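Coordinates in review
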Amino acid sequence: MTAAADNPATRSRPVLISASSLIGPATIIVAFGVIAPMLILLRYSFNRYDPRMLMIDAVSPENYVKFFSDPFYLQIFWTTLRISLMCTLICLVLGFPLAYVLARTRVRYKNLLIIGVVIPLFVGNAVRAAGWMTLFGSRGFLSVMLMKFGITTEPTEIMFTETAVIVGIIAVNLPYMVLTLQSVLEGIDRNLEEAAFSLGAGPLTMARRVLWPMALPGIAAGVILTFILAMNAYATPVLLGGPDFHMMAPLVYSQFQLNNWPFAAAVAFILTVTTLALTVAAGLATRQRFRG
């Protein structure tokens, strides 16, 4: 009895069973909520589309050939990727200083500052996009103020441009970046910063040599989160970009509206796989860099 109780394998068995029982429900939900729909999309993407019969069971790569051989769809793909990377980089540049201030502030109103960052998340993307529409329109607040102060002589049209879409996506994703970085920066001992300053490092050198390496896991998490949100943005590109601006998520919806389920499934699967592949690659690169 004593030997069995002292056996490390025997002691670890209840822990493993307990851990399995805890992660089991989440694993099942992920399997049925993520993997199963992806498999269905993959199967639908190999079907053929007929205007009269809609979706015909088949095993054909024609939807993927159509996507990658058509410059129109490739342009949408590269536009989505470029805008997502650009918005993610801007969110990182803007969010890091704000997250640092929130992490290092010791005033009694710190919770109010954090709530100020969280409050935009209480508003839906469509409502926020509508607010940007009133600001960016040719008769909107920004255009009127520019004309009032003599900066421009004609109405400025920012709506239905790539700039409007980028600003809208950044406004949606920035709180996620700030909150992710703030939680990581709070865990970094402030004495390390003081030690760097005492050794003659300036603020930029300290941030580059001390803060950045130690916050790298959190930076990777924030970058991955904002990139995924940007890649799959729908309401913002539709409302701020207009009918002539195309990204992958609105393309998927438009194809479903046309009842072309096979091609819509192929586009959705390409978007999902691209997002996951880039996310995994970023995670592996960050892990390798952090270990090195």
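Residues numbered from 1 in each chain as written. Predicted model: local features only at pLDDT ≥ 70, side-chain atom pairs only at ≥ 80, totals over all residues. Heavy atoms only, no water.

The next subject is the pattern of salt bridges. Oppositely charged side chains are able to pair whenever their charged atoms sit close together. Counted according to the given criterion, the structure contains four salt bridges. Between Asp50 and Arg52 there is a salt bridge, with its nearest N and O atoms 3.9 Å apart. Judged by relative accessible area, which is 77%, Arg52 ranks as exposed. The shortest N-O distance in the salt bridge between Arg104 and Glu193 comes to 2.4 Å. Placement of the pair is Arg104 in helix H4 (residues 71–104) and Glu193 in helix H9 (residues 190–198), with a sequence separation of 89 residues. Considered together, Arg104 and Glu193 belong to a single accessibility category, that of buried residues. (Salt bridge = Lys/Arg side-chain N within 4 Å of Asp/Glu carboxyl O. Buried < 20%, exposed > 50% of the residue type's maximum accessible area, 1.4 Å probe, protein only. Helix = DSSP H or I, 4+ residues; strand = E, 2+ residues; numbered from the N terminus.)

Turning to the confidence of the model for the chain, a few remarks are in order. In the predicted model, the chain carries a mean pLDDT of 85, and the fraction of residues at 70 or more is 92%. The least confident element of the chain is helix H1 (residues 2–6), whose mean pLDDT is 50; the most confident is helix H3 (residues 62–69), at 95. (pLDDT = per-residue confidence, 0-100.)

A few words on the side chain of Ser84. You can see Ser84 is positioned in helix H4. Note on Ser84: relative accessible area 0%, which makes it buried. Side-chain polar atoms of Ser84 contact the backbone nitrogen of Met231, separated by 3.3 Å. With sequence-adjacent residues up to four places away left out, Ser84 is seen in contact with Phe227, Ala230 and Met231. (Polar contact = N/O pair within 3.5 Å; in protein donor to acceptor, adjacent residues only side chain to side chain. Contact = heavy atoms within 4.5 Å.)

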